[in-house]
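Chain and residue survey
The lines below spell out each chain.
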Amino acid sequence: MKREITVRVDGIPRRLSIDTRMTLLDALRERLGVTSPKKGCDHGQCGACTVLSGGRRVLSCLTLAVTQDGAEVVTAEGLTAEAATPDGRHAGRDLHPVQRAFIDCDALQCGYCTPGQVVSAVGALDEFEKGWPSAVTKGLGAPRLDRAEVAERMSGNLCRCAAYVNIVTAVQQAAGAAAAQRTAETEVAG
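All residue numbers refer to positions counted from 1 along the written sequence of the respective chain. Owing to the predicted nature of the model, reporting of local features is limited to residues with pLDDT of at least 70; listing and counting of side-chain atom pairs is limited to 80 or more, with chain, interface and lining totals taken over all residues. Note: side-chain values were computed over all heavy atoms of the structure, leaving out hydrogens and water.

1. Some thoughts on the overall build of the chain
Within the chain, the regular secondary structure consists of 5 helices and 7 strands. Relative to its length of 190 residues, the chain is compact, with a C-alpha radius of gyration of 17 Å against a globular reference of 16 Å. Taking the principal axes of the C-alpha coordinates as reference, the chain spans close to 50 × 45 × 35 Å. Long-range pairs, those at least 24 residues apart, make up 50% of the contacts in the chain between residues at least 6 apart in sequence. Helix and strand definitions follow DSSP, with helices as H or I runs of at least four residues and strands as E runs of at least two, each counted in order from the N terminus. A radius of gyration in this sense is built from C-alpha atoms; the matching globule rule multiplies 2.2 Å by the number of residues raised to 0.38. When checking whether two residues touch, look at their non-hydrogen atoms; a contact exists if any pair is within 4.5 Å.

Structure (structure tokens):
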């Protein structure tokens, strides 16, 4: 059975006629040519296919594309922002702070899982900023982003190359960069 859907992928509205059994991962890769989400296990166990849907982390290999009609889906490709020169001309794309941290901390090896890791880190940091606890959060107060907290929040993403030490460091660096930017914006506004 076919169904028409419209989904906004990385800021671009896309209209598709799809089989109702098609996964979001297959729609992204095969129908739209968006290849940053990877087909790792195709069973929701590795996290290589992680995308953001409505700002929340989802495993696109387990998500039916028809459920995303009208949704905003962001992949690793969509995390970058358009950069402009001071005179307003296009100057390329700026990396998201998490992408920059993964490069700075050498948080990748073969790179296959990296897009899913990066998107998951963005989602995990958003959850952390909202004060959502994880299974290792101590007490009832706001969680502290120590190594155990980051490891727990990123536990749904596997890296066969075992770059976990650097991935945790990169997530912590990105969180620090985001906090510094918020402080700077507050000082400018205040």
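2. A word on the pairing of strand β2 (residues 12-19)
Where strand β1 (residues 2-9) and β2 come together, 8 bridges link them in antiparallel fashion. Across the sheet, Val 7 pairs through a bridge with Arg 14, a residue of β2. Only strands joined by at least two bridges in the DSSP assignment are considered to pair. With antiparallel pairing between neighbouring strands as the criterion, β1 and β2 make up a hairpin whose turn holds 2 residues, including Asp 10 at a positive phi of roughly 55 degrees.

3. Focus on the nonpolar core
Within this scheme, the nonpolar core is defined by two criteria: the residues are buried Ala, Val, Leu, Ile, Met, Phe, Trp, Tyr or Cys, and they are joined through side-chain atoms within 4.5 Å. The buried label goes to any residue with under 20% of its type's maximum accessible area, the exposed label to any with over 50%, and the partly exposed label to all in between, with areas taken from a 1.4 Å probe on protein chains only. Counting residues in each nonpolar core, the largest one holds 28 residues, and the members touching the most others are Val 98, Phe 102, Leu 125, Met 154, Ile 167 and Val 171. Mapped onto this core, the elements with two or more residues apiece are α2 (97-104), α3 (114-129) and α5 (164-189). Here this core takes 7 residues from α3, the largest share from any one element. For Phe 102, the residues in contact, after removing those within four places along its chain, are Ala 107, Leu 108, Thr 114, Gln 117, Val 118, Ala 121, Ile 167, Ala 170 and Val 171. Counting 15 residues, the second largest nonpolar core, distinct from the first, contains Val 7, Val 9, Ile 18 and Val 51.

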